[in-house]
Amino acid sequence: MRLTRRDWLLGGVILFLAAFLIMAGCGGGKDSAGGSAGSGHDHGMTTEGDLLETTSGPDELPSFLLNYTNHTADLYAAAYQYREILRHINCYCGCMQLDNPHDSLLRCYIAEVRADGSIVWSDHSAACGICKMELEDVMVLAKQGKSTDEIRYAIDAKYKPAGL
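The sections below set out a description of the structure shown in this document.

Cut-off values and rules
Sequence order as written defines residue numbering, which begins from 1 separately in each chain. It should be noted that, the model being predicted, local features are given only for residues of pLDDT at least 70 and side-chain atom pairs only at 80 or more, the latter also being counted only at that level, while totals for whole chains, interfaces and linings use all residues. To get the side-chain values, take all heavy atoms of the structure and skip hydrogens and water. For two strands to pair, DSSP has to find at least two bridges joining them. Elements are defined by DSSP. Helices are runs of H or I of four residues or more, strands are runs of E of two residues or more, and each kind is numbered from the N terminus. Any Phe, Tyr or Trp ring, taking Trp's six-membered ring, that has another such ring centre within 6.5 Å forms a pair; planes under 30 degrees apart are called stacked, those over 60 apart edge-to-face, and the others tilted. Three labels apply to residues, based on accessible area from a 1.4 Å probe with only protein chains included: buried if under 20% of the type maximum, exposed if over 50%, partly exposed otherwise in between. Any Lys NZ or Arg CZ found within 6 Å of a ring centre and within 35 degrees of that ring's normal is scored as a charge over the ring. Each residue after the first adds 1.5 Å to the expected span of a helix. What the arc covers is the set of directions going from the helix axis to the C-beta atoms. Interaxial angle, 0 to 180 degrees, is taken between N-to-C directions of lines fitted to C-alpha atoms, where a helix line uses only the stretch in contact. Note that the term roughly parallel is reserved for angles under 35 degrees, roughly antiparallel for angles over 145, roughly perpendicular for angles of 65 to 115, and oblique for everything else. Helix crossings are classified by the rotation of the near helix relative to the far one: an anticlockwise turn of less than a right angle makes the crossing left-handed, while a clockwise turn makes it right-handed. Here a residue-residue contact requires only that any non-hydrogen atoms of the pair lie within 4.5 Å. Here the nonpolar group is Ala, Val, Leu, Ile, Met, Phe, Trp, Tyr, Cys and Pro; Asp, Glu, Lys and Arg are the charged ones; every other residue, Gly included, is treated as polar.

**Points about the pairing of strand β3 (residues 110–113)**
The side chains of a regular strand alternate, residue by residue, between the two faces of the sheet.
Working step 1: Across 3 bridges, the pairing between β3 and strand β4 (residues 119–122) is antiparallel. Across the sheet, residue Ile-110 finds its bridge partner in β4, namely Trp-121.
Working step 2: Between β3 and β4, which pair antiparallel in sequence order, lie 5 residues; one of them, Gly-117, sits at a positive phi of approximately 95°.

**Looking at the packing of aromatic side chains**
Working step 1: By the definition in use, this model includes 3 aromatic pairs.
Working step 2: Seen in terms of ring centroids, Tyr-76 and Tyr-109 are 4.9 Å apart; in terms of plane orientation they differ by 70°. Their pairing is edge-to-face. Here Tyr-76 is found in helix α2 (residues 70–81), whereas its partner Tyr-109 is found in helix α4 (residues 105–109), with 33 residues between them in sequence. The pair formed by Tyr-76 and Tyr-109 is uniform in burial state, with each residue classed as buried.
Working step 3: For the pair Tyr-76 and Trp-121, a centre-to-centre distance of 6.1 Å together with 50° between the ring planes defines the contact as tilted. Of this pair, Tyr-76 sits in helix α2 while Trp-121 sits in strand β4; the two residues are 45 residues apart in sequence, bridging distant segments of the chain. For the residue pair Tyr-76 and Trp-121, the accessibility class agrees, reading buried in each case.
Working step 4: One aromatic cluster is present, formed by Phe-64, Tyr-76, Tyr-109 and Trp-121 through successive ring pairs.
Working step 5: The ring of Tyr-80 carries the charged tip of Arg-83 above its face, separated from the ring centre by 3.9 Å.

**Some thoughts on helix α6 (residues 148–159)**
Working step 1: When the terminal C-alpha atoms of α6 are compared, their 16 Å separation across 12 residues agrees well with the 16 Å that a helix rising 1.5 Å per residue should span.
Working step 2: Within α6, the full set of buried residues consists of Ile-151, Ile-155 and Tyr-159. Along the long axis of α6, the arc covered by the buried residues comes to 40°, so they all point the same way. What points out from α6, more than 90 degrees from its buried face, is the exposed set Tyr-153 and Ala-157.

**Here we look at the packing of α2 against helix α5 (residues 129–143)**
Working step 1: Packing of α2 against α5 brings their axes to within 11 Å, and their N-to-C directions diverge by 55°. With respect to α5, the element α2 is oriented oblique. Note that α2 runs across α5; the crossing there is left-handed. Residue-level contacts link His-71, Thr-72, Leu-75, Ala-78 and Ala-79 of α2 to Lys-132, Leu-135, Glu-136 and Met-139 of α5.
Working step 2: The residue inventory of the contact of α2 with α5, partitioned by class, reads 5 nonpolar, 2 polar and 2 charged.

**Considerations on α2**
Working step 1: Look at α2: 17 Å from first C-alpha to last across 12 residues, which is about the 16 Å you get at 1.5 Å a residue.
Working step 2: Inspection of α2 places Thr-72, Ala-73, Leu-75, Tyr-76, Ala-78, Ala-79 and Tyr-80 among the buried residues, and these make up the whole buried set.
Working step 3: Tucked inside the fold, the buried residues of α2 contact α3 (83–86), α4, β3, β4 and α5.

It is worth stressing that arrangement in space is one thing and function is another; only the former is reported here.
This is how it looks when you write it as structure tokens:
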């Protein structure tokens, strides 16, 4: 069977889309800025390799965001604002299937909000296109007045792989 120019073009488009979808998932090699001595930040690594950084509260975003776009920083600020919804939303980037899994989309951005108001941020979402897209959808749906259950259903319907 001889392949036509149309077959090659279609194959190229499919290959490009597959590569794009793979690259849109969580990125592996992340360069994260460390805080200097006395910066008031606490840095540590989790078993998954997520960089954790503690700040005094939601008005102080983590320094690792300096390596990313303003849009990413805006999403991190929004994650704190929408945290009560995010704790009920599944993440479909694969982080919930790890040996030490994330328990929600919130964990992709924020590992802990402490009693003193300080926040332990995770850099996981900074380089993860799926986490970012999910949060963007949550924000749109919440602004439309959707309930947490309606938002969770919409996110599951859009991102949940068949068979899960």
